[in-house]
Amino acid sequence: MSGSVFGIAGGSVEELGTDAARAGRVGEESTGRVLDMIAVESRRDVWHDLDVPARGIAANIDHIVTGGTVVLIVDSKRWRPGFYWTLENTSYRWLSKVEHADRRTMAMIQQRISAHIPRALVRRPLVSIEASRPGTLNVTFLHVPGADAIRTSALPRRVRALVPDEPTDPDLVAALYPLLRTR
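Values in this document were obtained by computation on a predicted structure and should not be read as measured data. (Residues numbered from 1 in each chain as written. Predicted model: local features only at pLDDT ≥ 70, side-chain atom pairs only at ≥ 80, totals over all residues. Heavy atoms only, no water.)

**Some details on the overall build of the chain**
- In terms of regular secondary structure, the chain is built from four helices and 11 strands.
- Reported as C-alpha extents along the three principal axes, the dimensions of the chain are approximately 45 × 35 × 35 Å.
- Scored against the burial criterion, the 183 residues of the chain give a buried share of 48%.
- Nonlocal contacts in the chain, meaning residues at least 24 apart in sequence, comprise 66% of its contacts between residues at least 6 apart.
- For the chain, the exposed area adds up to about 9200 Å²; of that, 52% sits on carbon and sulfur atoms.
- The chain carries 24 positive and 21 negative side-chain charges, and their two centres are separated by 4 Å. (Helix = DSSP H or I, 4+ residues; strand = E, 2+ residues; numbered from the N terminus. Buried < 20%, exposed > 50% of the residue type's maximum accessible area, 1.4 Å probe, protein only. Contact = heavy atoms within 4.5 Å. Areas by Shrake-Rupley, 256 points an atom, 1.4 Å probe, with all protein chains shown as cover. Lys, Arg positive; Asp, Glu negative; His and termini not counted. Charge placed at Lys NZ, Arg CZ, Asp CG, Glu CD.)

Listed below in structure tokens is the structure:
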């Protein structure tokens, strides 16, 4: 028995015509393929491209993996190669500041999902980061507020460790399905 995949990875990334928008879509699609394989090989469910359950919030949730009553939020990033690190709440790639790494949206998203599904165990979110071009990407010393930063290659192992291999509780399915942006 395999899990289910809901939504389309990268489905609502705005077509801004910018390099950042294209990289965002490619990153979400790449992470989506990794997560879809987890659903095929297990009983976990994978959700792509969901609304944050809060009025006035325009951000989306890239991915969620569920099993039993456990929810794991996964944000996709596609960044330039380099050594990323954080010191005193400021993140750097080599010696240049990387302000986009210090946004505090992941803690807010975790809190909103926890409030939306009170019986769920909402794990600390993951930020899955892959290189946008050839080169070494190291995020070992990067501290994203409210989340754990990992390379996309480590994602399957982390998901298997954090989300039980069992069908998603029907109450979680009922709570998450209306949040899908793309069906």
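**Notes on the nonpolar core**
- Judged by nonpolar contacts, the single largest core of 31 residues is most densely connected at Ile-64, Ile-73, Ile-113 and Leu-142.
- Looking at this core, the elements that each hand over two or more residues are strand 2 (45–51), strand 3 (60–67), strand 4 (70–79), helix 2 (105–116), strand 9 (126–131), strand 10 (137–141) and helix 4 (170–176).
- Those residues within four positions of Leu-142 in sequence are excluded, and the remaining contacts are Trp-79, Tyr-84, Trp-85, Thr-86, Ser-91, Ala-101, Ile-129 and Ala-149.
- Counting residues in each nonpolar core, the second largest holds 13 residues, with Val-65, Val-74, Leu-126 and Ile-150 among its members. (Core = buried A, V, L, I, M, F, W, Y, C linked by side-chain atoms within 4.5 Å.)

**Overview of the sheet that holds strand 5 (residues 82–87)**
- Read from one edge to the other, the open sheet built from four strands follows the order 7-6-5-10, with strand pairing classed as mixed. Two strands in the sheet have a free side with no partner beyond their single neighbour: strand 7 (96–97) and strand 10.
- Pairing geometry for strand 5 and strand 6 (residues 90–93), over four bridges, is antiparallel. Within the sheet, the bridge partner assigned to Trp-85 lies in strand 6 and is Tyr-92. (Pairing = 2+ DSSP bridges.)

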